[in-house]
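Single-letter residue listing:
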Amino acid sequence: MTDPKPDTPQPKTPAPTPLGALSDPQPTAPPHSQWRDVWDQFKRHRGALAGGIIFLLIIVVVYLGPLVWTIDPTYIDIRARNEGPSLAHPFGTDQLGRDTFARMMAGGQTSIAVGLTAMLLALGLGSLIGVLAGFFRRLDGPLMRLTDLFLSLPLLPLLLVMVMLFRQALSTTFGAETGIFILIVFAIGVTSWMPTARVVRGDVLALKEREFVLAARSIGTTNFHLITRHVLPNVLSPIMVSATLGIANAIITESALSFLGLGFPPDFPTWGRLLNDATVYLQDYPERVFWPGLAISLTVLSVNYLGDGLRDALDPRIRGR
């Protein structure tokens with residue numbers, strides 16, 4: 001009689017997995033876009049966030065305020081001249097009875113328009129010269145010597161000479177207000193592009209030796225596509241910072257020209273012109289100097305803080321610190 005064969009071991013059936021265990025108990029957050037990372041870094045800079053809010057409020061008051069405060073800034077009311085702040089005139093009136101608050105808004109429109117337009121001109125010219133000088137070796141020497149030449153020129157006397165030479169011709173051709181606007185924007189723009197050009201050139205010199213640019217060149221990418229697709233997007237940070245600083249510089253320069261009496265006509269308000277007109281009455285009515293001075297200071301300070309925050313947010317080397 002033989003012993004019975006031992007039972008063959010049966011494979012064990014795995015226990016059913018609970019439905020809840022199939023899902024990840026700690027789901028990962030979706031990846032952020034680059035602009036989301038820029039915004040997260042920017043809002044950590046409290047000064048930049050406050051500067052952006054103040055600059056936005058100034059633009060809203062200057063451009064949308066006249067829709068609510070409908071007093072004509074050029075309306076003359078001799079009976080209401082030299083009045084102090086009141087409900088009818090929150091900032092008082094000037095020596096001709098014109099509403100100071102309405103003139104502040106009208107002057108802000110001109111000053112900010114000059115700042116933005118001159119910044120765009122200087123930014124475009126500086127970025128173009130910086131990219132060409134950094135990317136093409138044969139153009140580097142001549143363009144940088146041209147930049148050094150402009151940097152060595154005394155800017156304020158040069159601006160005064162340009163205004164004196166071309167003021168009458170442009171006013172006759174385009175009208176007094178439009179001609180002076182074109183002249184001031186052109187004068188500020190062509191004398192403010194040099195810092196942008198030098199900063200952009202330095203970044204382009206470093207970028208054109210990077211692996212992704214060399215790889216794109218090795219597959220036959222043209223210089224135009226190398227610049228537009230690979231170089232320019234990576235120099236956006238210094239360009240944006242130069243843009244914000246250029247607005248502040250243009251506003252200060254325009255205010256200085258108007259303060260010296262070489263800007264817009266006397267009946268065309270700007271913050272610098274209002275400041276110039278108020279200096280005559282400084283001892284009797286000091287608040288007339290205070291309002292345009294405060295507007296210029298707040299605008300320039302907020303734009304500078306905004307540029308500081310954009311520099312930190314757009315620089316990938318310090319983003320996330």
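Below, the structure is looked at part by part.

What counts as what
Position numbers for residues count from 1 along each chain, tracking the sequence in the order it is written. Per-residue local features of the predicted model are confined to residues with pLDDT of at least 70, and side-chain atom pairs are confined, for both listing and counting, to 80 or more; whole-chain, interface and lining totals are unaffected and use all residues. Side-chain calculation: all heavy atoms of the structure are included, whereas hydrogens and water are not. Helix and strand labels come from DSSP, where a helix needs a run of H or I of at least four residues and a strand needs a run of E of at least two; each type is numbered from the N terminus. Three labels apply to residues, based on accessible area from a 1.4 Å probe with only protein chains included: buried if under 20% of the type maximum, exposed if over 50%, partly exposed otherwise in between. Counted charges follow a simple rule, with Lys and Arg positive, Asp and Glu negative, and His plus the chain ends left uncounted. Whenever Lys or Arg places a side-chain nitrogen within 4 Å of a carboxyl oxygen from Asp or Glu, that contact is recorded as a salt bridge. Any two residues having at least one pair of non-hydrogen atoms within 4.5 Å are treated as being in contact. Site definitions follow a grid-based scheme: protein atoms alone, a 1 Å grid, a 1.4 Å probe that fits but cannot get out for cavities, and for pockets an open set with protein on both sides within 12 Å along at least five of seven lines, plus lining residues having an atom within 4 Å of a point. Grid points are joined across faces, edges and corners, and a volume is the space filled by probe spheres set on the points. Under the grouping applied here, Gly and all other residues not named as nonpolar or charged are polar, the nonpolar ones being Ala, Val, Leu, Ile, Met, Phe, Trp, Tyr, Cys and Pro and the charged ones Asp, Glu, Lys and Arg. Interaxial angles span 0 to 180 degrees and are taken between N-to-C directions of axes, which are lines fitted to C-alpha atoms, for helices over the stretch in contact. Roughly parallel refers to an angle under 35 degrees, roughly antiparallel to one over 145, roughly perpendicular to one between 65 and 115, and oblique to any angle outside these ranges. Crossing handedness is defined as follows: a turn of the near helix away from the far one that is anticlockwise and smaller than a right angle gives a left-handed crossing, while the clockwise case is right-handed. What makes a nonpolar core is a set of buried Ala, Val, Leu, Ile, Met, Phe, Trp, Tyr and Cys residues whose side-chain atoms join them at distances within 4.5 Å.

### Looking at the side chain of arginine 273
Point 1. Turning to its location among the elements, arginine 273 is positioned in helix 11 (residues 271-279).
Point 2. Although arginine 273 is buried, it makes no salt bridge; aspartate 277 carries the closest opposite charge, 4.1 Å away.
Point 3. The contacts of arginine 273, once residues within four sequence positions are left out, are Ser258, Gly261, Phe264, Pro265, Pro266 and Phe268.

### Examining the layout of surface pockets
Point 1. Empty space within the second largest pocket amounts to approximately 370 Å³.
Point 2. Around the second largest pocket, the lining comprises 23 residues; the ones closest to its centre are Ser192, Pro195, Thr196, Gly246 and Asn249.
Point 3. Secondary structure elements with two or more residues in the lining of the second largest pocket: helix 3 (100-135), helix 5 (155-174), helix 7 (194-207) and helix 10 (236-259).
Point 4. The greatest single-element share of the lining of the second largest pocket, amounting to nine residues, is contributed by helix 10.
Point 5. Within the lining of the second largest pocket, the residues separate by chemical class into 16 nonpolar, seven polar and no charged.

### Description of empty space enclosed by the protein
Empty space among the atoms becomes visible once a probe the size of a water molecule is rolled across them.
Point 1. For the structure shown, the criterion picks out one cavity of 30 Å³ or more.
Point 2. A volume near 130 Å³ is recorded for the largest cavity.
Point 3. Secondary structure elements with two or more residues in the lining of the largest cavity: helix 3, helix 11 and helix 12 (287-314).
Point 4. Residues belonging to the lining of the largest cavity are distributed by class as follows: four nonpolar, two polar and five charged.

### Some details on the packing of helix 11 against helix 12
Point 1. Their axes nearest at 8 Å, the elements helix 11 and helix 12 cross at an angle of 150°. The orientation of helix 11 with respect to helix 12, classified from their angle, is roughly antiparallel. Relative to helix 12, helix 11 is oriented so that their crossing is left-handed. Contacts between helix 11 and helix 12 involve Trp271, Gly272, Leu274, Leu275, Ala278 and Thr279 from the first element and Arg288, Val289, Pro292, Gly293, Ala295, Ile296 and Thr299 from the second.
Point 2. The residue inventory of the contact of helix 11 with helix 12, partitioned by class, reads eight nonpolar, four polar and one charged.

### Details of unusual backbone geometry
Point 1. Notably, asparagine 82 is not glycine yet its phi reads approximately 55°, a positive angle.
Point 2. Relative to the assigned elements, asparagine 82 resides in the loop between helix 2 (46-68) and helix 3.
Point 3. In this structure asparagine 82 comes out as partly exposed when scored by relative accessible area, which is 25%.

### Quick word on the nonpolar core
Point 1. In terms of nonpolar packing, the biggest core is built from 33 residues, with Met104, Phe135, Val204 and Trp271 touching the most fellow members.
Point 2. Only helix 2, helix 3, helix 7, helix 8 (211-218), helix 9 (223-231), helix 10, helix 11 and helix 12 provide two or more residues apiece to this core.
Point 3. The dominant element in this core, judged by the number of residues it contributes, is helix 3, at eight residues.
Point 4. Among all residues touching methionine 104, those that are not within four sequence positions of it are Phe91, Trp271, Leu274, Trp291, Pro292 and Ala295.

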